[in-house]
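# Descriptive analysis of the structure
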Amino acid sequence: MSHIAITLTCTAELKDILVAELSEKGFEGFEEQAGNTLVAYIPEQDFNETDIRALTAGYNVTFTQERIGQTNWNAVWESNFEPVLVDDFCGIRASFHPAFVPAPQHEIMITPKMSFGTGHHATTYSMIKLMKGIDFRSKKVFDFGTGTGILAILAAKMGASVIDAIDIDTWSVENTKENVTNNNALPVKVWQADSLKGIRDNYNVVLANINRNILLEFMADMRRLLVRDGILLLSGILKEDESAILETARKNALVLESQIEKDNWLAMKLLAR
Amino acid sequence: MPKSKFFLRVNILLYTFASPLKGKFSPFSFGSPDRWWGRFNQIKLYNMAKEIATYVKLQVKGGQANPAPPIGPALGSKGVNIMEFCKQFNARTQDKMGKVLPVLLTVYTDKSFDFVIKTPPAAVQLLEAAKLQSGSKEPNRNKVGKVTWAQVEAIATDKMADLNCFTKESAMKMVAGTARSMGITVDGNAPWGN
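Residues numbered from 1 in each chain as written. Chains lettered and ligands numbered in written order. Predicted model: local features only at pLDDT ≥ 70, side-chain atom pairs only at ≥ 80, totals over all residues. Heavy atoms only, no water.

### Looking at helix α4 (residues 82–92) of chain B
Quick note on the threshold: Think of it in three bands: with a 1.4 Å probe and only protein chains considered, a residue is buried below 20% of the maximum accessible area for its type, exposed above 50%, and partly exposed in between. Only DSSP runs of H or I covering at least 4 residues are called helices, and only runs of E covering at least 2 are called strands; the numbering of each starts at the N terminus.
With respect to burial, α4(B) is a largely interior element, nine of its eleven residues being buried. Inspection of α4(B) places Ile82(B), Met83(B), Glu84(B), Phe85(B), Cys86(B), Lys87(B), Phe89(B), Asn90(B) and Ala91(B) among the buried residues, and these make up the whole buried set.

### Let's talk about the packing of aromatic side chains
Here is the rule we go by: Ring geometry is summarised as follows: Phe, Tyr and Trp rings, the Trp one being its six-membered ring, pair when their centres sit within 6.5 Å, and such pairs are stacked at plane angles under 30 degrees, edge-to-face over 60 and tilted between the two. Charges are assigned to positions over rings by a cutoff of 6 Å between ring centre and Lys NZ or Arg CZ, combined with an angular limit of 35 degrees from the ring normal.
For the coordinates displayed, the defined rule picks out ten aromatic pairs over all chains. These aromatic residues form a ring-pair network of at least three members: Phe85(B), Phe89(B), Phe113(B) and Phe115(B). The ring of Tyr203(A) has Lys140(A) lying over it, and the distance from NZ or CZ to the ring centre is 5.4 Å. Directly above the ring of Tyr125(A) sits Lys262(A), whose terminal nitrogen or CZ lies 4.7 Å from the centroid.

### As for the domain arrangement of chain A
Stated formally: In this entry, domain limits derive from an automatic or database-based domain assignment.
The assigned domain composition of chain A is domain 1 (3–71) and domain 2 (116–272). Here the C-alpha centre of domain 2 of chain A lies 39 Å away from the C-alpha centre of domain 1 of chain A.

### Points about the interface of chain B and chain A
Our working definition: We call two residues in contact whenever any of their non-hydrogen atoms come within 4.5 Å of each other. Here the buried area means the combined drop in accessible surface, using a 1.4 Å probe, for two parts upon being joined, counting both sides. Note on definitions: salt bridges are taken to be side-chain nitrogens of Lys or Arg within 4 Å of carboxyl oxygens of Asp or Glu. For the purposes of these results, a polar contact is taken to be a pair of N or O atoms within 3.5 Å, where, inside protein, one atom must be able to donate a hydrogen and its partner to accept one; residues adjacent in sequence count only when each atom of the pair is a side-chain atom. Any residue outside Ala, Val, Leu, Ile, Met, Phe, Trp, Tyr, Cys, Pro, Asp, Glu, Lys and Arg is labelled polar, Gly included; the first ten of those are nonpolar and the last four are charged. Strands pair, by our definition, only if DSSP identifies at least two bridges between them.
Each partner contributes residues to the interface: chain B has 40 residues there, and chain A has 40 residues. Between chain B and chain A, the buried area comes to about 3,600 Å², and carbon and sulfur atoms account for 59% of it. The tally of links between chain B and chain A comes to three salt bridges. A salt bridge links Lys131(B) to Glu24(A); its shortest N-O distance comes to 3.0 Å. At the boundary of chain B with chain A, the tally comes to 13 residue pairs in polar contact (both at pLDDT 80 or more). Mapped onto the side of chain B that touches chain A, the elements with two or more residues apiece are β1 (52–61), α3 (71–76), α4, α5 (122–134) and α7 (168–181) of chain B. Counting residues per element, the side of chain B that touches chain A draws most heavily on α4(B), which supplies seven residues. Residue composition of the side of chain B that touches chain A, grouped by class: 21 nonpolar, ten polar and nine charged. Alignment of strand β2 (residues 29–33) of chain A against β1(B), held across four bridges, turns out to be antiparallel. Paired with Phe30(A) across the strands is Gln59(B), a residue of β1(B).

### Re empty space enclosed by the protein
Cut-off, in case you're wondering: Grid points spaced at 1 Å and placed over the protein atoms alone form the basis of the search, with a cavity being a set where a 1.4 Å probe fits but cannot get out and a pocket an open set showing protein on both sides within 12 Å along at least five of seven lines. Lining residues have an atom within 4 Å of a point. Grid points are joined across faces, edges and corners, and a volume is the space filled by probe spheres set on the points.
Tallying each qualifying case throughout the model produces two cavities of 30 Å³ or more. There is about 60 Å³ of room inside the largest cavity. Lining the largest cavity we find 14 residues, and of these Phe116(A), Gly117(A), Thr118(A), Asn81(B) and Met83(B) sit closest to its centre. Among the residues making up the lining of the largest cavity, the classes are represented as four nonpolar, nine polar and one charged.

### Looking at the pattern of salt bridges
All names here are of chain A. Summed over all chains, the structure comprises 27 salt bridges over all chains. Among the ionic pairs, arginine 273 bridges to aspartate 229, the shortest N-O distance being 2.8 Å. Here the residue arginine 273 occupies a position in the segment after β14 (265–272), and aspartate 229 occupies one in strand β12 (residues 226–238), the gap between them amounting to 44 residues. For aspartate 229, a relative accessible area of 46% puts it in the partly exposed group. With a closest N to O distance of 3.7 Å, lysine 262 and aspartate 263 form a salt bridge. Using a relative accessible area of 28% as the deciding quantity, one classes lysine 262 as partly exposed.

Here's what the structure looks like:
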């Protein structure tokens, strides 16, 4: 999706007013630069130039505009990120890194582009640690919010026979497909979806590294996907949200078996009862 | 300066946890002058490791950060891991979903970052309050809206720390001034009289 960036210069007080007014007109985000310069961004299809010219003229401000095409903004970080090693169990690296020596049990190559999941963040790291203790051989796995596909690929490498993965973002779906191919993780199927409502299959393991709100909203659906004694791994939970997650899990007959805390983030292993 | 105090605290914490001397004796016990000199040098090293490269000031919607502009171009060019910022920002703002929130990022030379999230700008809160008053969800096309002094007080209280005001009254005057500039009138008499 392309964006329109408009650049305007005004006083500090007016800047906040324009942020408020432009937010109402569909602008999604703003960057404040030196010299009281404000750059405001809106998806191209929502931009009504006449409307915005009239609005800014009301405050005696003019702007310049520029079209910003879709691009991989994470390219600089990706070009020199450090490989990640989770114990001797799983190593994650880019294609330009040499292989790990000594080799861990599993090695995954990820080109993240603009998707989440490289193992650098505590939430992914802890998921991988929890996966280490699970026997995935011949299991059916569902990965909710797959991002780069890292966890689905690891499940494939650990012997899972079916891995279905969804993500809300189309760029993540494309990225997962690339990473699945590069890692020869054949059982992984990925598609775009923003809900679990249409999923009718049952799975032995469900993986979800998202955030509190989504985990709470879809807890009942995740439980529905699981077979009895199935395993639910949750991540993306801040320490302060622990009780809210556990309360909803309990109401859905999910019992906490273990959890890992890293950098104020929790990852939980729950069992379906 | 508060900033230097902050760094001192961070460094002492790092030192406490990361010192190779840890376990041999408490970091606050007395040791030989050589040991103290070693600790001093270590603190200096941590200071150097966390050198600030730049600051980035953004205003983005709570719980909805994604790698599109402005976050993508603003952070990507600095070599920051955009997805990591989005994950953290969204988790910390999930109770303020969709609200415009100012966020100040400190980017270090090692590409790591910290950020502080502020409450929504007074102007954003005023527009919301005016909509509540009129009962309309549509943005007001003629920019004529009304808010109450109670709403102004609530916004002023919320923004006190950012407005550099010593009293609530002066903060309320500033918020009322912003309202006037936006074409929003404040209903009734000011609580402190004319």
